[in-house]
Structures are given as structure tokens and as C-alpha cells.
Amino acid sequence: MTWSTAIRQVHRWTCIAFVAAVAAYMAAMTRGQPPAWLGIFPAGTLILLLATGLYMFALPYLPKRRNAKGPVAAFSEWNSENDRNGYADL
Ligand code: HEM
């Protein structure tokens, strides 16, 4: 799983938690002023949604990773290319 799919999953499931937290807060409101700590759940999940949502929003505008295999594989490929070219091994 890549970072962007993991972040999309976090956003998707946090959205369920956020709706549940808002529903719980509204249910508590029917019994008067809800306790302040109950507000932590909708606020916390909303902050997580905002962060992951802004990441997903920015994703198409960010430059693409040149080597998705990671830096170690990229270095090993680069190094073996140098081998074939006859340069000194590193
Ligand atoms: C707080 C600010 C939020 C921002 C900046 C944001 C941003 C985004 C973005 C950019 C996407 C991807 C759209 C695409 O595929 O091009 C997305 C998907 C989605 N958002 Fe949000 N979002 C926010 C809050 C919420 C909330 C409050 C909910 C639900 C209660 C929600 C539910 C979802 C769902 C279900 C998806 C689809 C996820 C998927 O395809 O797996 N988001 N959001």
C-alpha cells in the first residue's frame, strides 16, 4: 500500500468516526449543555480529516516521485548502470 492510498483510507474511515462523534454530540445536546470533553471527538477527527484531505487535494499538484521503488533500489540500479559503463564500483 502506498502512502497516498493509506492516507485515503485514513480519510475514509475517519469520516465515519467524525459523523459518529457529531451524532453523539447532538444526542448529548438534547440533555442540555454537553460536557466540554465530548467536543474533543468531533474536533479531533475533523483536524485529522482536514490534514489528510488537504494532502489528497495537493497530491495532483505535487511533482511525481521519480523512482517509486525507493532510494535503496534507485541507488542499486544507478550503481549497476555505472558498472556496465566501466566506472569504478562504489
Ligand atoms: C475538513 C476538510 C476536508 C478536506 C480538505 C477534504 C478533502 C478531500 C479530498 C481532496 C478528497 C479526495 C477527492 C478526490 O478523490 O479527488 C476527499 C475524499 C473524501 N472525503 Fe474529504 N475532506 C474533508 C472533510 C471530509 C469530511 C468531514 C468527510 C465526511 C464526514 C469527508 C469524507 C470524504 C470521503 C468519504 C472521501 C472519499 C474517500 C475515498 O475515495 O476513499 N471528508 N476529501
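Cut-off values and rules
Residues numbered from 1 in each chain as written. Predicted model: local features only at pLDDT ≥ 70, side-chain atom pairs only at ≥ 80, totals over all residues. Helix = DSSP H or I, 4+ residues; strand = E, 2+ residues; numbered from the N terminus. Buried ≥ 20, exposed ≤ 12 C-beta atoms within 10 Å, placed from the backbone. Contact = placed C-beta atoms within 7 Å. Near = placed C-beta within 6 Å. Axes fitted to C-alpha atoms, helices over the stretch in contact; angles between N-to-C directions. Parallel < 35°, antiparallel > 145°, perpendicular 65-115°, else oblique. Left-handed = near helix turned anticlockwise from the far one by under 90°. Nonpolar A, V, L, I, M, F, W, Y, C, P; charged D, E, K, R; others polar. pLDDT = per-residue confidence, 0-100.

1. Quick look at the overall build of the chain
Each helix and strand in the chain was counted, giving 3 helices and 0 strands. Along the chain, helices (α) and strands (β) appear in the sequence α-α-α when read from the amino end. Here the chain, with 90 residues, has 3% of them falling under the buried criterion. Counting only contacts in the chain whose residues sit at least 6 apart along the sequence, the fraction spanning at least 24 positions is 58%.

2. Observations concerning the site of the ligand
Near the ligand there are 13 residues, and of these Cys 15, Leu 50, Gly 53, Met 56 and Phe 57 occur at the shortest range. Listed by contribution, the elements that provide at least two residues to the shell around the ligand are helix H1 (3-29) and helix H2 (40-58). The element that contributes the greatest number of residues to the shell around the ligand is H2, accounting for 7 residues.

3. With respect to the environment of Leu 38
Looking at where Leu 38 falls in the secondary structure, it is placed in the loop between H1 and H2. Leu 38 sits in the partly exposed class, given 15 other C-beta atoms within 10 Å. As a C-alpha pair, Leu 38 and Ala 28 span 10 residues in sequence and 8.6 Å in three-dimensional space. With residues up to four places along the chain from it excluded, the contact list for Leu 38 reads Ala 24, Tyr 25 and Ala 28.

4. Here we look at the packing of H1 against H2
Contact geometry of H1 with H2 gives a least axis separation of 8 Å together with a crossing angle of 155°. Classified by the interaxial angle, the pair formed by H1 and H2 is roughly antiparallel. Relative to H2, the crossing made by H1 is left-handed. Contact residues: Ile 7, Arg 8, Val 10, His 11, Thr 14, Cys 15, Ala 17, Phe 18, Ala 21, Val 22, Ala 24 and Tyr 25 in H1; Phe 41, Pro 42, Thr 45, Leu 46, Leu 48, Leu 49, Thr 52, Gly 53, Tyr 55 and Met 56 in H2. Among the residues forming the contact of H1 with H2, the class breakdown is 16 nonpolar, 5 polar and 1 charged.

5. A word on the confidence of the model for the chain
Per-residue pLDDT for the chain has a mean of 88; in total, 86% of the residues score no lower than 70. Ranking the elements of the chain by mean pLDDT puts helix H3 (residues 71-84) last, at 73, and H2 first, at 98.

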